[in-house]
Amino acid sequence: EAGNYMTYQKVDFGDGNYNTAMLMVSAPAEETGRQIEIRLDASDGALIATVPVEATGDTMVFKEQYASISEVTGVHDVYLVFPQ
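Quick notes on the rules
- Residues numbered from 1 in each chain as written.
- Predicted model: local features only at pLDDT ≥ 70, side-chain atom pairs only at ≥ 80, totals over all residues.
- Heavy atoms only, no water.
- Helix = DSSP H or I, 4+ residues; strand = E, 2+ residues; numbered from the N terminus.
- Rg over C-alpha atoms; globule rule 2.2 N^0.38 Å.
- Buried < 20%, exposed > 50% of the residue type's maximum accessible area, 1.4 Å probe, protein only.
- Contact = heavy atoms within 4.5 Å.
- Areas by Shrake-Rupley, 256 points an atom, 1.4 Å probe, with all protein chains shown as cover.
- Lys, Arg positive; Asp, Glu negative; His and termini not counted.
- Charge placed at Lys NZ, Arg CZ, Asp CG, Glu CD.
- Core = buried A, V, L, I, M, F, W, Y, C linked by side-chain atoms within 4.5 Å.
- Polar contact = N/O pair within 3.5 Å; in protein donor to acceptor, adjacent residues only side chain to side chain.
- Phe/Tyr/Trp six-rings, centres within 6.5 Å; stacked < 30°, edge-to-face > 60°.
- Pairing = 2+ DSSP bridges.
- Axes fitted to C-alpha atoms, helices over the stretch in contact; angles between N-to-C directions.

Novice: Please set out the overall build of the protein residue by residue, giving values where relevant.
Specialist: Within the protein, the regular secondary structure consists of zero helices and six strands. The linear arrangement of helices and strands in the protein, starting from the amino end, is β-β-β-β-β-β. Computed over C-alpha atoms, the radius of gyration of the protein comes to 13 Å, within 12% of the 12 Å expected from 2.2 N^0.38 for 84 residues, which places it in the range of a compact globule. Reported as C-alpha extents along the three principal axes, the dimensions of the protein are approximately 40 × 25 × 20 Å. Residues counted as buried form 31% of the 84 residues belonging to the protein. When contacts within the protein are restricted to residue pairs at least 6 apart in sequence, long-range pairs at least 24 apart make up 73% of them. With an accessible surface of roughly 5,400 Å², the protein has 47% of that area assigned to carbon and sulfur atoms. On the protein, the mean spot of the 4 positive side-chain charges and the mean spot of the 13 negative ones are 2 Å from each other.

Novice: Please provide a residue-by-residue account of the nonpolar core, values included.
Specialist: Among the nonpolar cores identified, the biggest contains 17 residues, and Phe 13, Ile 36, Ile 38 and Ile 48 are the most heavily contacted of them. Mapped by element, the contributors of at least two residues to this core are strand S2 (20–25), strand S3 (35–40), strand S4 (46–52) and strand S6 (75–81). Those residues in contact with Ile 48 that lie beyond four places of it in its chain are Phe 13, Ile 38, Leu 40, Ser 68, Ile 69, Ser 70 and Val 72.

Novice: Which residues make up the side chain of His 76, and what values go with them?
Specialist: Along the chain, His 76 falls in strand S6. In terms of polar contacts, His 76 uses its side chain to reach the backbone carbonyl oxygen of Thr 73, at 2.9 Å. Discounting chain neighbours no more than four positions away, the residues touching His 76 are Tyr 8, Gln 9, Lys 10, Val 11, Phe 13, Leu 40 and Asp 41.

Novice: Got a sec to walk through the packing of aromatic side chains? Specific residues and values, please.
Specialist: Throughout the structure, instances matching the rule amount to two aromatic pairs. Measuring from ring centre to ring centre gives 5.4 Å for Tyr 5 and Tyr 79, while their planes differ by 50°; the resulting arrangement is tilted. Of this pair, Tyr 5 sits in strand S1 (residues 5–12) while Tyr 79 sits in strand S6, and the two are 74 residues apart along the sequence. The exposure class assigned to Tyr 79 is buried, which follows from its relative accessible area of 14%. Seen in terms of ring centroids, Phe 13 and Tyr 18 are 6.5 Å apart; in terms of plane orientation they differ by 75°. Their pairing is edge-to-face. With a relative accessible area of 49%, Tyr 18 lands in the partly exposed category.

Novice: Can you tell me about the sheet that holds S1, naming the residues and giving the values?
Specialist: Pairing is antiparallel across the open sheet formed by four strands, whose spatial order is S1-S6-S3-S4. Among the strands making up the open sheet, the edge pair consists of S1 and S4. Direction aside, neighbouring strands of the sheet carry axes that sit 20° apart on average. Note: S3 against S4, six bridges, orientation antiparallel. Of the residues in S4, the one forming a bridge with Gln 35 is Pro 52.

The values reported here are purely geometric and, on their own, carry no functional implication.
Right, here's the structure in full:
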């Protein structure tokens, strides 16, 4: 829901060889046009990607969504932020 976030702790980006994020997203039609922000170390931390949300038609139907990410190295907590 808008205003919430999820956290993945201690994600190891290694030497920075990652350039794409892929999320499995489920969204009803009214959620089209929203986005998910991927941030480091805090819900208001460095923004490394913005993933568009496309409607899947049902909350039980998931679709792969992709976005390019900024270069990141080392270990970080990753926050998926659902802006309002």
